[in-house]
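Listed below, chain by chain, are the residues.
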Amino acid sequence: GYSTTDVKSATLLISTHTLPGTIGIPNKGWALKTSSYRIDETDPLNQIKTCSKLKTIMAMAEAEQSGFDDALMINTKGDVVETTRANLFWVLNGAVYTAPIDSGALPGITRSKVIDLCNKEGSPVVETRIQPDDLLKAEGVFATVSTYGLVDVIGLDGQEIPKSPTTTRLSELYQILIHSTGNV
């Protein structure tokens, strides 16, 4: 493995990419493929935003090779966690849900802002575990990511997921927040 013994200076590598879209630009939504790679919910690195996550890189490649926009990541217990690049929320019976951090989910900035927005709207987010097939019963599913804001999830493993008016409303509130503060 890697060792930091006798390391005198750091080496930095920066990779830049053109953003495929930005906050506020309409997005067609993402079709997800359930990944064969699993998140270890006990891994302390889940709490850190890093590009050094080989499983998510492999999961995204797996999804793209199958014609999907992103991969649904589940943990070793079979619980929904997130996508390779975003936190995940779902709407069921008018309530908004998301995976708990201890399931392996990244405590994302946009995730936190959406939870705050829901609380201000009087509809607190419920953190709970759910199986992938249960997402297909949701009134809507959406992802949160800093570069896009809220993105509708329009399908899972080739099955359609409806768009929810709740997602539309939260997206509008998020746009207002971003434009009023100038940041996430």
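This structure is a prediction, so every number in the text was calculated from the model and none was measured.

In this sheet, strand E3 (residues 80-83) lies alongside strand E2 (residues 70-75) in antiparallel orientation, the contact comprising three bridges. In the strand pairing of E3, Met73 is matched with Glu82. Connecting E2 to the next strand, E3, in antiparallel fashion are four residues, including Gly78 with a positive phi near 90°.

Moving on: the pattern of salt bridges. Side-chain pairs of opposite charge can arise whenever the charged atoms involved come near each other. In this structure the tally under the stated criterion is eight salt bridges. For Glu127, the salt bridge goes to Arg111, with nearest N and O atoms at 3.2 Å. A residue pair is termed long-range when its members are at least 10 positions apart, and Glu127 in strand E6 (residues 126-127) and Arg111 in helix H2 (residues 109-120) qualify at 16 residues. Across the pair Arg169 and Glu121 runs a salt bridge, and its minimum N-O distance is 4.0 Å. Here Arg169, found in helix H4 (residues 165-181), pairs with Glu121, found in the loop between H2 and E6; they are 48 residues apart in sequence, far enough to count as distant. Residue Arg169 is classed as partly exposed on the basis of its relative accessible area, which comes to 39%.

This brings us to helix H1 (residues 54-65). In this model, H1 (twelve residues) spans 16 Å end to end at C-alpha, consistent with the 16 Å of a helix rising 1.5 Å per residue. Among the residues making up H1, those that are buried are Thr56, Ala59, Met60, Glu62 and Ala63. Looking straight down H1, one finds that the buried residues subtend no more than 160° of arc, so they occupy a single side. Turned more than 90 degrees away from the buried face of H1 sit Leu54 and Gln65, all of them exposed. For H1, the elements touching its buried residues are strand E1 (30-39) and E2. With its phi angle positive at about 85°, Gly67 sits one or two positions after the end of H1.

Turning next to the packing of aromatic side chains. Aromatic rings considered in pairs are described by the distance between their centres and by the relative angle of their planes. A complete count under the given rule lists three aromatic pairs for this structure. Ring plane angle 0° and centroid distance 5.0 Å describe the contact between Phe89 and Phe142, whose orientation is recorded as stacked. Residue Phe89 is found in strand E4 (residues 87-92), and its partner Phe142 is found in strand E7 (residues 140-145); the two are separated by 53 residues along the sequence. Take Phe89: its relative accessible area is 0%, and that puts it in the buried class. For Phe142, a relative accessible area of 0% corresponds to the buried category.

Counting through the fold element by element, Thr167 comes out in helix H4. Classification of Thr167 by relative accessible area gives buried; the value is 3%. For Thr167, the residues in contact, after removing those within four places along its chain, are Val91, Phe142, Leu150 and Asp152.

Mean pLDDT over the protein chain stands at 87; residues scoring 70 or higher make up 82%. At the level of individual helices and strands, the protein chain shows its lowest average pLDDT in H4, which scores 89, and its highest in strand E9 (residues 159-160), which scores 97.

The next subject is the environment of Glu127. Given the relative accessible area of 42%, Glu127 is considered partly exposed. Measuring from C-alpha to C-alpha, the distance between Glu127 and Phe89 comes to 9.4 Å, with 38 residues separating the pair along the chain. Once residues lying within four places of it in the same chain are set aside, the contact partners of Glu127 are Thr98, Ala99, Pro100, Ile101, Arg111 and Ile115.

So, on to the environment of Asp134. In this fold, Asp134 is placed in helix H3 (residues 132-135). Taking the C-alpha atoms as reference, Asp134 lies 9.4 Å from Val80; in sequence the two are 54 residues apart.

Analysis parameters
- Residues numbered from 1 in each chain as written.
- Predicted model: local features only at pLDDT ≥ 70, side-chain atom pairs only at ≥ 80, totals over all residues.
- Heavy atoms only, no water.
- Pairing = 2+ DSSP bridges.
- Helix = DSSP H or I, 4+ residues; strand = E, 2+ residues; numbered from the N terminus.
- Salt bridge = Lys/Arg side-chain N within 4 Å of Asp/Glu carboxyl O.
- Buried < 20%, exposed > 50% of the residue type's maximum accessible area, 1.4 Å probe, protein only.
- Expected span 1.5 Å × (residues − 1).
- Arc of directions from axis to C-beta.
- Contact = heavy atoms within 4.5 Å.
- Phe/Tyr/Trp six-rings, centres within 6.5 Å; stacked < 30°, edge-to-face > 60°.
- pLDDT = per-residue confidence, 0-100.

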